[in-house]
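Understanding the architecture of this molecule
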Amino acid sequence: MQRTDIGRPDYFHKVVDCQWACPAHTPVPEYIRLIAEGRYSDAYMINWKSNVFPGILGRTCDRPCEPACRRGRVEDEPVAICRLKRVAADNKDDITGRLPPIAATKNGKRIALIGAGPASLTVARDLAPLGYDIHLYDGDAKGGGMIRSQIPRFRLPESVIDEEVGYITGLGVTERYGERVDSLKSLLGQGYDAVFVGTGAPRGRELNLPGREEAKANIHIGIDWLSSVSFGHIEKIGKRVIVLGGGNTAMDCCRTSRRLGGEDVKVIVRSGFEEMKASPWEKEDAIHEDIPILNFLVPVSFSHSDGKLTGVVFEKVVAQYDDKGRRKLVPSGEPHQHFECDDVLVAVGQENSFPWIERDIGLEFDEWDMPKVNEITFQSTRDGVFFGGDSAFGPKNIIWAVAHGHEAAVSIHLHCQGMNIADRPPPGVTLVSQKMGIHEWSYDNDISNDLRNRVPQRDKVVALSNVKLEVELGFDRLLGYKEAERCLNCDIETVFAEPLCIECDACVDICPMDCISFTENGDEADLRTRLKAPALDLTQDLYVSGDLKTGRVMVKDEDVCLHCGLCAERCPTGAWDMQKFLLDITHAGGCSKSPAPTNPASDPMRTAAE
């Protein structure tokens, strides 16, 4: 194998598994250390720069970072990364003085953002400080999109939405709420230099089964029903409720039903429990609130009498797998099952809807009636029209919408500056030694087995009495500190200098994970089997040195390293060093030809470091 080029931005980025897994590439260990130091505002601003909505995401994120967390390789559960984000949000000081200032002068470019959800708000956050005249359109009376309309208040208080949406609109954005865009052609005719479409996936999938029309008064599309609850149009539901679907929307529907009068609420799903799309913690929360989840039942028809819904008929299925492991649900042969109910909530998926986009404006759609969008630049087939969030590639979650918004903002900025939007600016990377003495480091590198702390919750009886009463109470400062201490500081990298190595094998002897080997070089497949502990995870690279004096090479398995620093502490020559890796993803303001920041304090990374 060739010597590892640790100067590549993605090499150590990939080793910081949580940050690599985060679509917005939030520097997780960096903000967790700040929480442990009690620097909550600094931790918040680091989050605000990358994921834009720390308080919202600290309650609702789908947490792609947590399954990747290295702590999960030491014990059963990862660090509660998501809920630590909320710790920063709940305990920060007034940070308005640290936000970018409103641009003193406009740069002459006008941008229209359609839909005031997380993707559009991220674009606005990135472009408004650069002097762009941002016009934010939404048919609702407030910004936030589906964050506001479909996430129940018992999970996300409206005050948090108001606060974090307000940080963005306060940057000089023109809010055009209550103005629904019914024609993209008409909007393009208003002379905007670029248009961003962030309208989400607003249409819930229908379930056209026998009895649907006859019993329609008590059969509701889940996302529409949640919106009606959020805006106060619906305040009650029948005592017996069936929720169809196994995703997070279904979990929100069933838990909301319990708070609006549902006493016998069931979730019924066609797949198995483990195959459900809902996050594990969402299922846990539903079960905690006495909501059973019934699996492998496919709805066949809605039963009704005199125009009134009486229940749902289901067919029992079983999973069969072919020789390639592909699953197929087949009838079990058991008699159909009938469950009585007063109301049904259909939460079997969401779809995009673009009736307001004319098909004669140079914007192409694919066979699924989705716009053709470049996955890197987020530009459509019409120059100057960009998409992001659920409207670009279908339903995902908030953090993906934020990531799309950042990239689209880069493209819009390059487009408006007359530059090639395919020429993506590289991230900023720093590697700084953490040595503070011969064998001392600037971070706590003690490794201990600490069980994940549970987030305190409101008493169940009290929580179920009010649809707006937040269930999770969040970590207090002490619990936040204890949970932060579980972080293994994966961004503190072990950096090896061949010229200093005397091949004494001291690092090999002391490594608790057997991740360091000195051996003859070879091709990767062979080398992975000859290490002190075979490196079986092909998704994470090997760290391979150049040739040493004996002709051997040092090989480190990054997959199992705990970043404990014992190798560097034990090394008698300083061949190993612990260096902090910081990846600063370039946003629109970091592109060439961008105006220089007018206020140094508006750079949250700089402020936190200082």
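Residues numbered from 1 in each chain as written. Predicted model: local features only at pLDDT ≥ 70, side-chain atom pairs only at ≥ 80, totals over all residues. Heavy atoms only, no water.

1. Remarks on the pairing of strand β10 (residues 297-305)
For the record, the criterion: Here, a strand pair is defined by DSSP locating no fewer than two bridges between the strands. Numbering of helices and strands runs from the N terminus; a helix is a DSSP stretch of H or I covering at least four residues, while a strand is a stretch of E covering at least two.
Summarising the sheet, β10 and strand β11 (residues 308-321) pair through 8 bridges and their orientation is antiparallel. In the strand pairing of β11, Phe302 is matched with Val312. Between the antiparallel neighbours β10 and β11 lie 2 residues, among them Asp306 with a positive phi of about 55°.

2. A few points about the packing of aromatic side chains
Inclusion rule: Classification of ring pairs rests on two measures: the distance between centres of Phe, Tyr or Trp rings, Trp counted by its six-membered ring, which must be within 6.5 Å, and the angle between planes, read as stacked under 30 degrees, edge-to-face over 60 and tilted in between. The buried label goes to any residue with under 20% of its type's maximum accessible area, the exposed label to any with over 50%, and the partly exposed label to all in between, with areas taken from a 1.4 Å probe on protein chains only.
All told, the structure shown has 13 aromatic pairs when counted by the stated rule. Ring centres of Tyr11 and Phe12 lie 5.1 Å apart, and the angle between their planes is 65°; on these two criteria the pair is classed as edge-to-face. Tyr11 sits in the buried class, given a relative accessible area of 2%. The buried category is assigned to Phe12, whose relative accessible area is 0%.

3. What to know about the packing of helix α8 (residues 118-127) against helix α16 (residues 398-416)
Heads up, the rule is: Between N-to-C directions, angles cover 0 to 180 degrees, with each direction set by a line fitted to C-alpha atoms, over the stretch in contact for helices. Roughly parallel here means an angle under 35 degrees, roughly antiparallel means over 145, roughly perpendicular means 65 to 115, and every remaining angle is called oblique. Should the near helix be turned anticlockwise from the far one by less than a right angle, the crossing is left-handed, and should it be turned clockwise, the crossing is right-handed. Should any heavy atoms of two residues lie within 4.5 Å, those residues are considered in contact.
It is the contact of α8 with α16, at a shortest axis distance of 7 Å, that shows an interaxial angle of 40°. Judged on the interaxial angle alone, α16 and α8 are oblique. As α8 runs across α16, the sense of the crossing is right-handed. Contacts between α8 and α16 involve Pro118, Ala119, Thr122, Val123, Arg125, Asp126 and Leu127 on the former and, on the latter, Ile398, Ala401, Val402, Gly405, His406, Ala408, Ala409, Ile412 and His413.

4. Some remarks on the environment of Asn91
Worth spelling out the cut-off: In the analysis that follows, any N or O atom pair within 3.5 Å is treated as a polar contact, provided that within protein one partner can donate a hydrogen and the other can accept it, and provided that, for residues neighboring in sequence, both atoms belong to side chains.
Secondary-structure assignment places Asn91 in helix α7 (residues 81-91). Here the alpha-carbon distance between Asn91 and Ile35, two residues 56 residues apart in the chain, equals 9.5 Å. The contacts of Asn91, once residues within four sequence positions are left out, are Tyr40 and Arg477. Polar contacts involving the side chain of Asn91 include one to the main-chain carbonyl oxygen of Val87, which spans 2.9 Å. Reaching out from Asn91, the side chain makes a polar contact with the side chain of Arg477 at a distance of 3.0 Å.

5. Some words on the sheet that holds strand β2 (residues 133-138)
In space, the 5 strands of this open sheet follow the order β3-β2-β1-β4-β16, with parallel pairing throughout. One side of each edge strand has no neighbouring strand; the edge strands of this open sheet are β3 (174-177) and β16 (385-387). Recorded for the sheet is a direction-independent mean angle of 20° between the axes of neighbouring strands. Summarising the sheet, β2 and β3 pair through 4 bridges and their orientation is parallel. In the sheet register, Tyr137 faces β3, and the bridge partner there is Arg176.

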